[in-house]
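# Topology and contacts: notes
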Amino acid sequence: MTTSERPAFRLTPQRAAVLEVVRAATDHPTARDIYRRVRARQPGIGFATVYRTLNLLVAHAEILELQLGDGAVARYDGNTGHHDHVLCEACGAVADVRVELPALACLKAEAASGFAVSGYELQFRGRCRDCSRPDQETAHAAEQAVG
Ligand SMILES: [Zn+2]
Ligand SMILES: [Zn+2]
């Protein structure tokens, strides 16, 4: 699958910069994070343009928008292959994980809901390595909360 086969949107230099920043990131950045990184390449770009571009890229399935946690700000993922996430409840770090559910799990979900289940997404929660070190706990979480 290549992007040129689709009725593609026009990939302006600004849009290309946004796409490249999201694809290069492994930390599942927020729109604000992406804005800061894109501005390093495209100094004139505004937050509204970055935000609109993110929505456009999500609509074209070039990137994923993730809602992790209750009412949490959206995070963006350049990895569009099926994978799951683990969220640090202390600092908000997000890592990719790939965990296979037993096939029976989908059947159980179908039986319980009456839906024809076609897929699933898993979201694990806990504490990242930095936040689970007892001595680092408060310092690291405070540091991340400021950023
Ligand atoms: Zn953490
Ligand atoms: Zn991911």
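Residues numbered from 1 in each chain as written. Chains lettered and ligands numbered in written order. Predicted model: local features only at pLDDT ≥ 70, side-chain atom pairs only at ≥ 80, totals over all residues.

### Considering the packing of helix α1 (residues 13-24) against helix α3 (residues 47-59)
Here is the rule: Between N-to-C directions, angles cover 0 to 180 degrees, with each direction set by a line fitted to C-alpha atoms, over the stretch in contact for helices. What counts as a helix is a DSSP run of H or I of at least four residues, what counts as a strand is a run of E of at least two, and both are numbered from the N terminus. Should an angle fall under 35 degrees it is taken as roughly parallel, and over 145 as roughly antiparallel, whereas 65 to 115 is taken as roughly perpendicular and any remaining angle as oblique. Throughout, a crossing is termed right-handed when the near helix is turned clockwise from the far one, and left-handed when it is turned anticlockwise from it by less than a right angle. The contact criterion used is a C-beta to C-beta distance within 7 Å, with each C-beta placed from the backbone. Three classes are used: nonpolar for Ala, Val, Leu, Ile, Met, Phe, Trp, Tyr, Cys and Pro, charged for Asp, Glu, Lys and Arg, and polar for all others, with Gly counted as polar.
Following both chains from N to C, one finds α1 and α3 inclined at 70°, their axes separated by 10 Å at the closest point. Judged by the angle between their axes, α1 and α3 are roughly perpendicular. Handedness of the crossing formed by α1 with α3: right-handed. Across from Q14, R15, V18 and L19 in α1, the residues of α3 making contact are T49, V50, T53, L54 and L57. Grouping the constituent residues of the contact of α1 with α3 by class yields five nonpolar, three polar and one charged.

### Here we look at the nonpolar core
Just so we agree on the cut-off: For this analysis, nonpolar core means a set of buried Ala, Val, Leu, Ile, Met, Phe, Trp, Tyr and Cys residues linked through C-beta atoms within 7 Å. Here the C-beta atoms are placed from the backbone, and a residue counts as buried if at least 20 other C-beta atoms lie within 10 Å of its own, exposed if 12 or fewer do, and partly exposed otherwise.
V18, V21, V22, I34, V38, V50 and L54 are the most contacted members of the largest nonpolar core, which totals 13 residues. Those elements giving two or more residues to this core turn out to be α1, α2 (31-41) and α3. Of all the elements, α1 adds the most residues to this core, at five residues. Setting aside chain neighbours within four positions, we find V18 in contact with I34, V38, V50, T53, L54 and L57. In terms of nonpolar packing, the next biggest core, distinct from the first, is built from five residues, C88, V94, C128 and C131 among them.

### As for the pairing of strand β4 (residues 94-97)
So the rule is basically this: Paired strands, in this sense, are two strands between which DSSP finds at least two bridges.
Where strand β3 (residues 84-88) meets β4, four bridges bridge the pair, whose relative direction is antiparallel. For H85, the partnering residue across the bridge sits in β4 and is D96. A loop of five residues connects β3 with β4, the two strands running antiparallel in sequence, and G92 in this loop sits at a positive phi of about 85°.

### A short note on the confidence of the model for the protein
How we decide: Known as pLDDT, the predictor's confidence for each residue is given on a scale from 0 to 100.
Taken over all residues, the pLDDT of the protein has a mean of 87, while the share at 70 or more is 86%. Ranking the elements of the protein by mean pLDDT puts helix α5 (residues 137-146) last, at 56, and strand β2 (residues 75-77) first, at 97.

### Comments concerning α3
Formally: What a helix is expected to span follows from its residue count: subtract one and scale by 1.5 Å. Arc, as used here, means the arc of the directions from the helix axis to the C-beta atoms.
Between the first and last C-alpha of α3 there are 18 Å, a value that for 13 residues agrees with the 18 Å anticipated at 1.5 Å per step. Considered for burial, the residues of α3 that qualify are V50, T53, L54 and L57. Buried residues of α3 fall within an arc of 105° about the axis and therefore sit on the same side. The outward face of α3, more than 90 degrees from its buried face, is lined by the exposed residues A48 and A59. The inward-facing, buried residues of α3 contact α1, α2 and β2. Two residues or fewer after α3 comes A61, characterised by a positive phi angle close to 60°.

### Focus on the sheet that holds β4
Spatially, three strands are ordered β4-β3-β5 in an open sheet, and the strand pairing comes out mixed. Pairing within the sheet leaves two strands with one partner each, and these edge strands are β4 and β5 (123-126). Neighbour-to-neighbour, the strand axes of the sheet open up by a mean angle of 25°, direction not taken into account.

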